[in-house]
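A structural walkthrough
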Amino acid sequence: MKKIISILITAAVLSLLPFQALQAWSSFRNEQGQGQANTIAAKTPLSPETTGAKWQIRFAEGGGTAYNSDPVITDAHIYIACKSTLYQLDKNGAILSSIPLEAPMNSVCRMCLNENRLFIPLSGGRMQCIDISTMKSLWASEAFGLQSLTTVYCANGFVYAGTTNATGTDGLFYCLSAEDGRTRWTYKAPTPCGYYWSGSVTDSGDNFVLFGGDDGILISHSAGNDTVLDTYDLSGSIPQTDGQSAAPGKIRAGITYDADTDAYYTTSTNGYLYQIKMSSQGTFASVTARSLMASRTPDCNCTSTPTICSGRIYVCSYNGLQGQIHVIDAASMTPIYSATSPDCRDIKSSPLVSTGMASEENGKNETGSVCVYFTQNALPGGIYYIRDDKTARSAEIETLFTPKEGKQFCLSSIAAGTDGTLYYSNDSGTFFAVQEGYAPGPDEPAVPNEPSLKPEASSIPAVVPSATPPSSPVLPDTGERTPRGKKEKNSKKPGKPRKIRWKLKKTKRSSYRVTFTWKKGTPTAYTRIKISKRNKKMSKKQWSRVYQTSAAKKTITLKSGTYRISFYGCLSDGKKSGAVNSTLHLPS
């Protein structure tokens, strides 16, 4: 009886407390200023064969390009803005509530949740605060003008954000009271500068806030008072060796803090990673620069905010049309390796690192195994990943998820729920919830039989990075969304792939790494490979997945079973040849 009374009293007390949202993902990258930003310990999807869209939703009417905000996720709900509306969803994708906003969002909208207050950056340089417990507006700030494209950051009762024009040559950074939205201070650079995709972070004592902009200068500002504590031109830290110039880059990334090294990290658009150490007074103690590129070219670009886990920095970039993900030692700033693939394109996202890969034997992740997720600013707008651990010196880029509907370019980064569900939007305006156990279904009708493939003797295949569909050319980085490319006209008929062979390598637990090689047909821009798992009689399809690559080699991991393999030669306008089919049986 005493236990029941105690429970009732506790419930009554809790009912009198103010509403507080259990925050699973409170902002872009879930940056709290305490380290471990953009990391998650939940078990996230690892197998493309069993991963798919648990659900997806599109808020904007009509087709074409549309933009959603980055999501904010609590224990029970998801909050996402589109145009001039904020939506509250449940974890099944159902819209529970919505509220009109004071102004529409811009092409990027990175909200921030603090307890029950959601801070939303809007066009015209305005911030609006919504109480998510009631879905009512509490206040809207003054309008600072221009666009709101920075990441919103909230700490110790203050809200930080910035504004910019389309070219990044005008704008300001500001601090608001989280309680009533009143302006505490504004900072405008003495040189032409806007704040475009950049972000801020405070120190552990909330004494100073760090931020940077398109002039390449990092600012240390008093957190609550109108005082600049120190400034640092990041181009001044670039080493003058091997003919490298100190040409300044724009800061179009956020700043992440790492507790192990007690340092802050950011990147510049000319392809440099920076380690920044601060004094307790908010002055710059040291700044170290590291080029992300082995060879410097004018096309080097980086707008990715670093993610740091177990002493390793993960950050994305691109050089010309070639995207890549880099792994760097956080303490020494020494490169460990970079991973790319022939069809890896412009990457602007910040990588999400999942540590939830505990072994089934002891429930521990002793090897430091992680899965690192990112998107590409190219068609089809899916999810890609690498696997890494403490000893790895290379990695293979794999495709985790390809949208069946809503294919478009993608600037968004991946957010995650406490159950391991991955959330993101691409430029079609489609919001995806991606999870293990939702394998994609059939995506095209069966094709007629063609001559069988010719298997080679089993041997160890070369590891080849997974490839993604080729995209239209990526335009120079202007800070705007890359437009979807136009299909080129081509009246030619694509040739069929020929001389198709494969090699097998059995891995643990009845899985195989299958490396396919072939001669590309003439003419051919890329090869499409459809793999369908069947029952033993080949009469029923269990699941189907499609891969595309401009290379003539592809490595795919498959579990034991019977598969129908179909190869097509394709042109850049989407035309494809007839299929070259075969049956592949992998014993258990």
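Residues numbered from 1 in each chain as written. Predicted model: local features only at pLDDT ≥ 70, side-chain atom pairs only at ≥ 80, totals over all residues. Heavy atoms only, no water.

1. Considerations on the packing of aromatic side chains
Throughout the structure, instances matching the rule amount to 26 aromatic pairs. Both rings, one in F173 and one in Y195, keep their centres 5.6 Å apart while their planes meet at 70 degrees; by these two values the pair is edge-to-face. Residue F173 is located in strand β14 (residues 173-177), and its partner Y195 is located in the loop between β15 (183-187) and β16 (200-202); the two are separated by 22 residues in the primary sequence. Judged on exposure class, the residue F173 and its partner Y195 are both buried. A ring pair is formed by Y257 and Y264, whose centres lie 5.0 Å apart and whose planes are at 45 degrees; its orientation type is tilted. Through pairs of rings, three or more aromatic residues link up here, namely Y153, F158, Y160, F173, W185, Y187, Y195 and F211. (Phe/Tyr/Trp six-rings, centres within 6.5 Å; stacked < 30°, edge-to-face > 60°. Helix = DSSP H or I, 4+ residues; strand = E, 2+ residues; numbered from the N terminus. Buried < 20%, exposed > 50% of the residue type's maximum accessible area, 1.4 Å probe, protein only.)

2. A closer look at the confidence of the model for the protein chain
Of the residues in the protein chain, 82% have a pLDDT of 70 or more, and the chain-wide mean is 84. The low-confidence segment residues 443-490 (pLDDT under 50) makes 134 contacts with residues lying over four places distant or belonging to another chain. (pLDDT = per-residue confidence, 0-100. Contact = heavy atoms within 4.5 Å.)

3. Focus on the pairing of strand β26 (residues 312-319)
Where burial is concerned, most of β26 is hidden: seven out of the eight residues are buried. Direction of pairing for strand β24 (residues 300-301) relative to β26: antiparallel, over a ladder of two bridges. Each bridged residue has a counterpart across the sheet, and for N301 the counterpart in β26 is Y318. As paired elements, strand β25 (residues 307-309) and β26 share three bridges and run antiparallel to each other. Residue I308 lies in a different strand from β26, and its bridge partner there is I313. The loop that links β25 with its antiparallel partner β26 comprises two residues; one of these, S310, has a positive phi angle of about 50 degrees. For β26 and strand β27 (residues 322-329), the ladder comprises eight bridges, and the chain directions are antiparallel. Its bridge partner being in β27, Y318 is matched across the sheet by G323. (Pairing = 2+ DSSP bridges.)

4. Brief notes about the nonpolar core
By size, the foremost hydrophobic cluster in this structure holds 35 residues, and its most contacted members are L89, Y373, I383, L422 and F431. Tallying contributions element by element places strand β35 (residues 430-436) first for this core, with four residues. The next biggest cluster of nonpolar side chains, apart from the first, holds 32 residues, and it includes Y160, W185, V209 and I238. (Core = buried A, V, L, I, M, F, W, Y, C linked by side-chain atoms within 4.5 Å.)

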